[in-house]
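Tertiary structure, described
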Amino acid sequence: MSSTDSINASLGGVSVVRRIDFECEPRTGRCTLQLELVDDDLRPTQRRVLRADGVTNWSVAELGGGVTQLCDLHASDVSELQHDRVRYLLEERERGALRLWCAHLSVNDAPLDP
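Residues numbered from 1 in each chain as written. Predicted model: local features only at pLDDT ≥ 70, side-chain atom pairs only at ≥ 80, totals over all residues. Heavy atoms only, no water.

**Concerning helix α1 (residues 3-11)**
As a reminder, the rule being used: The buried label applies to any residue whose accessible area, calculated with a 1.4 Å probe on protein chains only, is under 20% of its type's maximum; exposed applies above 50%, and partly exposed to all values in between. Each helix is a run of H or I in the DSSP string that is no shorter than four residues. Each strand is a run of E no shorter than two, and both are numbered from the N terminus. In this description, the arc belongs to the directions extending from the helix axis to the C-beta atoms.
When we look at burial in α1, the residues that qualify are Thr-4, Ile-7, Asn-8 and Leu-11. Take α1 and look down its axis: the buried residues cluster within an arc of 95°, on one side only.

Below is the structure:
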């Protein structure tokens, strides 16, 4: 299974946004995005944290105003395009609510808050 296959499988079932953190290192200009996603807004049973490092061209639309979901969040390996320091394209394909390019991408299970 490729890295993007593993990432996409990990994103299945978690679409509710609990937290978005965007950080930029002023000295290097490197940006990092972390998304905390759960499977249910009231009684979550799964929680995952997606981390994108070396973020460029991040665009978001139509987030907020109640329960925010990123449905059909999908990672693609775009390294064949040979963009400088870009390996992945991450996009929400249902509504186009999120799209970014990045150098590194990971998804990890996280414990649920008590």
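**Overview of the pattern of salt bridges**
To be explicit about the condition: By definition here, a salt bridge exists when the distance from a side-chain nitrogen of Lys or Arg to a carboxyl oxygen of Asp or Glu is within 4 Å.
Scanning all chains against the criterion turns up 11 salt bridges. As a salt-bridge pair, Arg-51 and Asp-53 come within 3.0 Å of each other at their nearest N and O atoms. Of the residues examined, Arg-51 reaches a relative accessible area of 33% and is grouped as partly exposed. Put simply, Asp-77 and Arg-87 hold a salt bridge, and the shortest N to O gap is 3.4 Å. In this pair, Asp-77 sits in strand β5 (residues 73-77) while Arg-87 sits in the loop between β5 and β6 (88-92), placing the two residues 10 residues apart along the sequence. One connected set of salt bridges, linked through shared partners, spans Arg-18, Glu-36 and Arg-47.

**Notes on the sheet that holds β6**
Note: strands within a sheet are paired through backbone hydrogen bonds, in either parallel or antiparallel orientation. Just so we agree on the cut-off: Each pair of strands is called paired provided DSSP finds at least two bridges between the two strands. Helix axes are fitted to C-alpha atoms over the stretch in contact, other axes to C-alpha atoms as well, and angles between N-to-C directions run from 0 to 180 degrees.
With respect to topology, 4 strands assemble into an open sheet ordered β4-β7-β6-β5, the strand pairing being antiparallel. Only two strands of the sheet have a single neighbouring strand rather than two, namely β4 (56-60) and β5. Strand-to-strand twist of the sheet, defined as the mean angle between neighbouring strand axes without regard to direction, takes the value 15°. Direction of pairing for β5 relative to β6: antiparallel, over a ladder of 5 bridges. For Ala-75, the partnering residue across the bridge sits in β6 and is Leu-90.

**Some points on the nonpolar core**
Considering soluble globular proteins, one finds that nonpolar side chains tend to be buried as a cluster. Formally: The nonpolar core is taken to be a set of buried Ala, Val, Leu, Ile, Met, Phe, Trp, Tyr and Cys residues, with the residues joined through side-chain atoms within 4.5 Å. By definition, residues are in contact when any of their heavy atoms lie within 4.5 Å.
In this structure, Leu-11, Leu-35, Leu-50, Leu-73, Leu-90, Leu-100 and Leu-105 are the most contacted members of the largest nonpolar core, which totals 22 residues. Secondary structure elements with two or more residues in this core: α1, β2 (31-38), β3 (47-53), β5, β6, β7 (98-102) and β8 (104-109). Beyond its immediate sequence surroundings of up to four residues, Leu-90 is in contact with Leu-11, Leu-50, Leu-73, His-74, Ala-75, Leu-98, Arg-99, Leu-100 and Leu-105.

Just geometry here; none of it tells us what the structure is for.
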